[in-house]
Amino acid sequence: MKTDPQTFIRANTDIMAPPHVPEIRLHLAGEAHELWLKTEEELEEIGLPPPFWAFAWAGGQGLARHVLDHPELVAGKRVIDFASGSGLVAIAAMKAGAADVLAVDIDPWTGMAIRLNAELNGVDVVSSAKDIIGNRREADVYLAGDVFYDKAFADRLIPWFSALVGEGADVLVGDPGRAYCPRRRLDMLATYQVPVTRALEDSEVKKTNVWRFAAPPVSGG
């Protein structure tokens, strides 16, 4: 890395509470920070992938809200927060009483963001930058906020999530109406109106659904 992640994160973010999850504080990029304005070329120059970890996306906010309001979903269980970003959902799961949470994101910068954010909230979250798509079930609950924004990515995730459910995992996703969300395979748990910023989305409030992946159909003998 050309830039020290901890130094960069502290210098380019403010400590803020996401509007839909005010009990959690995160290092987030506010509109006063140039991080909003940097092009991909400028980010590449300083060795920084697009900083998805610096924003509280609607899918993650809705899922974190649901986990906090329904702690029985994760209490005492082993949890994986997939595509964790800032660690918002992982932190919510720990606050809701999860036995342990592994926050997984292949962006190498997220590890430091998750560590700093977990410290802010007084919880322990382990992070990993491994690509775990396709792995066998390693947790009781898998949480994924806003992951269906890209077709190729969704095409990898959907059969894996279905397989995890077949192995006995509970797979919950937060989605603000992304194009590749496989709604026919999901059971809706809740709907939230999540405040977001126009710099990231096409509106100031995103309708966000929390879904559970349905069990795969049993084939006849």
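Please read these numbers as outputs of a predicted model, since none were measured by experiment.

Q: Explain the side chain of Asp-175 here, please?
A: Summarising the element assignment, Asp-175 is placed in strand β7 (residues 170-175). Among the polar contacts made by the side chain of Asp-175, one reaches the main-chain amide nitrogen of Arg-178 at a distance of 3.0 Å.

Q: Sorry, what's going on with the packing of helix α1 (residues 5-12) against helix α5 (residues 110-120) here?
A: A pair of packed helices is characterised by two quantities: the angle between their axes and the separation of those axes. At a closest axis distance of 9 Å, the pairing of α1 and α5 adopts a crossing angle of 60 degrees. Here α1 lies oblique to α5, going by the angle between them. Of the two possible hands of crossing, α1 and α5 adopt the one that is right-handed. Contact residues: α1 offers Pro-5, Gln-6, Ile-9 and Arg-10, while α5 offers Met-112, Ala-113, Arg-115 and Leu-116.

Q: In this structure, what is going on with the packing of aromatic side chains? I would like to understand it.
A: Geometry of an aromatic ring pair is reported as the spacing of the ring centres plus the angle between the planes. Overall, the coordinates contain twelve aromatic pairs when judged by the stated rule. Taken together, a centroid distance of 5.4 Å and an interplanar angle of 80 degrees make the contact between Phe-8 and Trp-109 edge-to-face. With Phe-8 in helix α1 and Trp-109 in the loop between β4 (100-104) and α5, the pair connects residues that are 101 residues apart, well separated along the chain. Here the two residues Phe-8 and Trp-109 agree in accessibility, since each one is buried. Their ring planes at 25 degrees and their centres at 6.1 Å tell us that Phe-82 and Phe-153 sit as a pair that is stacked. Of the two residues, Phe-82 is situated in strand β3 (residues 78-82) and Phe-153 in helix α6 (residues 151-166); the sequence distance between them amounts to 71 residues. For the pair formed by Phe-82 and Phe-153, the shared burial category is buried.

Q: Looking at this structure, I do not really get the layout of surface pockets. What am I missing?
A: A probe matching the size of a water molecule, rolled over the atoms, marks out where space remains unfilled. For the largest pocket, the calculated volume is near 660 Å³. Considering the residues around the largest pocket, the lining is formed by 32 residues, among which Phe-52, Ala-83, Gly-85, Asp-105 and Tyr-149 are closest to the centre. Each residue belonging to the lining of the largest pocket can be placed in one class, and the counts come to 18 nonpolar, six polar and eight charged.

Q: Where do I start with the side chain of Asn-117 in this structure?
A: Within the element layout of this structure, Asn-117 appears in helix α5. Engagement of the side chain of Asn-117 in a polar contact is seen with the backbone nitrogen of His-27, the distance being 2.7 Å. Each residue touching Asn-117, except ones within four places of it in the same chain, is listed here: Arg-25, Leu-26, His-27, Ser-86 and Ile-91.

Q: Can you help me understand the packing of helix α3 (residues 58-69) against helix α4 (residues 88-95) in this one?
A: Contact geometry of α3 with α4 gives a least axis separation of 9 Å together with a crossing angle of 5 degrees. As far as their axial angle goes, α4 and α3 are roughly parallel. For the pair α3 and α4, contact is made by Gly-60, Gln-61, Leu-63, Ala-64, Val-67 and Leu-68 and by Leu-88, Val-89, Ala-92, Ala-93 and Lys-95, respectively. Here the contact of α3 with α4 is composed, by residue class, of eight nonpolar, two polar and one charged.

Q: Whenever I open this one, the nonpolar core confuses me. Can you help?
A: Buried together is how nonpolar side chains tend to be arranged in soluble globular proteins. With 36 residues, the main nonpolar core has Ile-24, Val-74, Val-79, Ala-93, Val-125 and Leu-143 as its most contacted residues. Every element with two or more residues in this core is listed here: β2 (26-28), α3, α4, β4, α5, β6 (141-145) and β8 (186-195). Element by element, the count of residues in this core is highest for α4, at seven residues. When near neighbours in sequence (up to four residues on either side) are disregarded, Val-74 contacts Val-67, Val-79, Ala-93, Ala-96, Gly-97, Ala-98, Ala-99 and Val-141. Judged by nonpolar contacts, the second largest core, of 25 residues, contains Ile-133, Phe-148, Ala-154 and Val-173.

Q: Looking at this model, I keep getting lost on the pattern of salt bridges. Mind explaining?
A: A side chain of one charge can pair with a side chain of the opposite charge when the charged atoms of the two come close. According to the stated counting rule, one finds eleven salt bridges in the structure shown. The salt bridge partner of Arg-156 is Asp-131, with a shortest N-O separation of 3.1 Å. Residue Arg-156 is found in helix α6, and its partner Asp-131 is found in the loop between β5 (126-128) and β6; the two are separated by 25 residues along the sequence. By relative accessible area, which is 43% here, Asp-131 ends up partly exposed. Each of Glu-23, Arg-65 and Asp-69 takes part in a single network of salt bridges with overlapping partners.

The rules behind each value
Residues numbered from 1 in each chain as written. Predicted model: local features only at pLDDT ≥ 70, side-chain atom pairs only at ≥ 80, totals over all residues. Heavy atoms only, no water. Helix = DSSP H or I, 4+ residues; strand = E, 2+ residues; numbered from the N terminus. Polar contact = N/O pair within 3.5 Å; in protein donor to acceptor, adjacent residues only side chain to side chain. Axes fitted to C-alpha atoms, helices over the stretch in contact; angles between N-to-C directions. Parallel < 35°, antiparallel > 145°, perpendicular 65-115°, else oblique. Left-handed = near helix turned anticlockwise from the far one by under 90°. Contact = heavy atoms within 4.5 Å. Phe/Tyr/Trp six-rings, centres within 6.5 Å; stacked < 30°, edge-to-face > 60°. Buried < 20%, exposed > 50% of the residue type's maximum accessible area, 1.4 Å probe, protein only. 1 Å grid on protein atoms, 1.4 Å probe; cavity = no way out; pocket = protein on both sides within 12 Å on 5 of 7 lines; lining within 4 Å. Points joined across faces, edges and corners; volume = space filled by probe spheres on them. Nonpolar A, V, L, I, M, F, W, Y, C, P; charged D, E, K, R; others polar. Core = buried A, V, L, I, M, F, W, Y, C linked by side-chain atoms within 4.5 Å. Salt bridge = Lys/Arg side-chain N within 4 Å of Asp/Glu carboxyl O.

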